[in-house]
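Summary of the model geometry
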Amino acid sequence: MKSEKMVYMANQIATFFSSQPGDDKADRVAAHIKDFWEPRMRGQLKSHIDAGGEGLSPLALDGAKIATAE
């Protein structure tokens, strides 16, 4: 998948969860990524984060870091 598409998708997830109540928004973003993204996509996301995470919103970046920590 192209990095731009992956970043767009992660930001869309973060946008949705940013409007939800609670203080666990990054955890919810991470859970969604873990539940619905295949391992190859998560690996690509980790590589993107390791390269600086360009284009990811702060919430998407926080959630992606949690989702790819393992």
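Residues numbered from 1 in each chain as written. Predicted model: local features only at pLDDT ≥ 70, side-chain atom pairs only at ≥ 80, totals over all residues. Heavy atoms only, no water.

Turning next to the side chain of threonine 68. Residue placement: threonine 68 occurs in the segment after α4 (58–67). The exposure class assigned to threonine 68 is buried, which follows from its relative accessible area of 8%. Within the local environment of threonine 68, its side chain forms a polar contact with the backbone oxygen of alanine 64, the two atoms lying 2.8 Å apart. Those residues in contact with threonine 68 that lie beyond four places of it in its chain are Arg42, Leu45, Lys46 and Ile49. (Helix = DSSP H or I, 4+ residues; strand = E, 2+ residues; numbered from the N terminus. Buried < 20%, exposed > 50% of the residue type's maximum accessible area, 1.4 Å probe, protein only. Polar contact = N/O pair within 3.5 Å; in protein donor to acceptor, adjacent residues only side chain to side chain. Contact = heavy atoms within 4.5 Å.)

A separate point is the pattern of salt bridges. Under the definition given, this model contains three salt bridges. In this structure, aspartate 24 and arginine 28 form a salt bridge, with 2.9 Å as the shortest nitrogen-oxygen distance. (Salt bridge = Lys/Arg side-chain N within 4 Å of Asp/Glu carboxyl O.)

On to the side chain of asparagine 11, then. Here asparagine 11 is to be found in helix α1 (residues 3–18). With relative accessibility at 18%, the residue asparagine 11 sits in the buried group. When residues no more than four places from it in sequence are discounted, the contact partners of asparagine 11 are Gly55, Leu56, Ser57 and Ala60.

Our focus in this paragraph is the nonpolar core. By size, the foremost hydrophobic cluster in this structure holds 20 residues, and its most contacted members are Ile13, Val29, Ile33, Trp37, Leu45, Ile49 and Leu56. Those elements giving two or more residues to this core turn out to be α1, α2 (25–36), α3 (39–50) and α4. Among the elements that make up this core, the one with the highest residue count is α1 (six residues). When near neighbours in sequence (up to four residues on either side) are disregarded, leucine 45 contacts Met6, Ile33, Trp37, Leu56, Ala64 and Thr68. (Core = buried A, V, L, I, M, F, W, Y, C linked by side-chain atoms within 4.5 Å.)

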